[in-house]
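Residue-level structure breakdown
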Amino acid sequence: FTGHKIEMCVEPRLREQDFGNFQDEEKMRVVYKERQKFGRFYYRFPNGEAGTDVFDRVSDFWSSMMRWMDTTEEPVENLVLVSHGLLMRIFCMVYFHWTVEEFEQVWNPSNCEVWALEKTLPSNGSYELSGRWRPAPSGGTFREIRFGREKNQPLWPHMKMRSGSARLLIPGDEESQKDPRFVHLQVPVRGAEAASETS
């Protein structure tokens, strides 16, 4: 940005999740175990926030940001948001309509990690999640966002491109059942249930 005129502001809605009172180390260990059972998105910290509260703040921010971009004198070419990891994930969850299950499988960025959204070409006003920016003396490259249990699966294509908020499917249709956008709807079949399914 050297030599360019930039606008800068502080946006309180982009603050990190409020984790409550961290004074008692032992209580916090218990809280984190409890959080693992509930899931990161829905668990509300005592005297703090749940991921759902952060989701609401980010959704509100998106609306304000889009209105602001529509009213600037000159077109906005670049927008840099500096935030914490959970907020970055929820920011993408809001924009790309990730399910809670998809969100929970995306790993938090490392310290100072940069995630880039680029305008799709031809531009229809939407953005694509390009990945994690890895700077290098010769310019840098994009790497995959860490996803899945082992942090090594690529994001599903629908998680990188914005689409409508609803996902269309045909109940009972074999193709819909294989579609990765609906994997979170499938109920695992185990033991005796599996045996009765095959007979």
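The present account deals with the structure reproduced in this document. (Residues numbered from 1 in each chain as written. Predicted model: local features only at pLDDT ≥ 70, side-chain atom pairs only at ≥ 80, totals over all residues. Heavy atoms only, no water.)

Notes on the nonpolar core
Counting residues in each nonpolar core, the largest one holds 30 residues, and the members touching the most others are Val58, Ile90, Trp98 and Val106. When contributions to this core are tallied by element, the ones reaching two or more residues are helix 2 (51-71), helix 3 (85-96), helix 4 (100-105) and strand 2 (127-134). Of the residues forming this core, the biggest block, ten residues, is contributed by helix 3. Setting aside residues no more than four positions away along its own chain, Trp98 makes contact with Arg89, Cys92, Met93, Phe103, Val106, Leu129, Met159 and Arg167. Grouped together as the second largest cluster of nonpolar side chains are five residues, Met28, Val31, Tyr43 and Phe45 included. (Core = buried A, V, L, I, M, F, W, Y, C linked by side-chain atoms within 4.5 Å. Buried < 20%, exposed > 50% of the residue type's maximum accessible area, 1.4 Å probe, protein only. Helix = DSSP H or I, 4+ residues; strand = E, 2+ residues; numbered from the N terminus. Contact = heavy atoms within 4.5 Å.)

Examining the pairing of strand 2
Where strand 1 (residues 114-119) and strand 2 come together, six bridges link them in antiparallel fashion. Looking at strand 2, one finds that Lys119 is bridged to Tyr127. Here strand 2 pairs with strand 3 (residues 141-143) via three bridges, running antiparallel. Residue pairing for strand 3: Arg134 is matched across the bridge by Thr141. Where strand 2 folds back on strand 3, the antiparallel hairpin that results is connected by six residues, among which Gly139 adopts a positive phi of roughly 130 degrees. (Pairing = 2+ DSSP bridges.)

Considering the environment of Asn78
With respect to the helices, strands and loops of the structure, Asn78 is situated in the loop between helix 2 and helix 3. Sequence separation of Asn78 and Ile6 is 72 residues, and the distance between their C-alpha atoms is 9.7 Å.

Topic: the sheet that holds strand 3
Strand pairing in a sheet is mediated by backbone hydrogen bonds. Such pairs are either parallel or antiparallel. An order of 1-2-3 is seen for the three strands of this open sheet, with the pairing classed as antiparallel. Bordering the open sheet on either side are strand 1 and strand 3, each of which pairs with just one other strand. Each neighbouring strand pair of the sheet contributes to a mean axis angle of 55 degrees, computed without reference to strand direction. The strands touched by helix 3 are strand 1 and strand 2; relative to strand 1, the strand with the most contacts, the crossing angle is about 20 degrees. (Axes fitted to C-alpha atoms, helices over the stretch in contact; angles between N-to-C directions.)

A short note on helix 3
The terminal C-alpha atoms of helix 3 lie 17 Å apart, and with twelve residues this matches the ideal 16 Å at 1.5 Å per residue to within 8%. Summarising burial for helix 3: twelve of the twelve residues are buried, a large majority. The complete set of buried residues in helix 3 reads Gly85, Leu86, Leu87, Met88, Arg89, Ile90, Phe91, Cys92, Met93, Val94, Tyr95 and Phe96. Of the surrounding secondary structure, the elements contacted by the buried residues of helix 3 are helix 2, helix 4, strand 1 and strand 2. Directly beyond the C-terminal end of helix 3, a positive phi value near 60 degrees is found at His97. (Expected span 1.5 Å × (residues − 1).)

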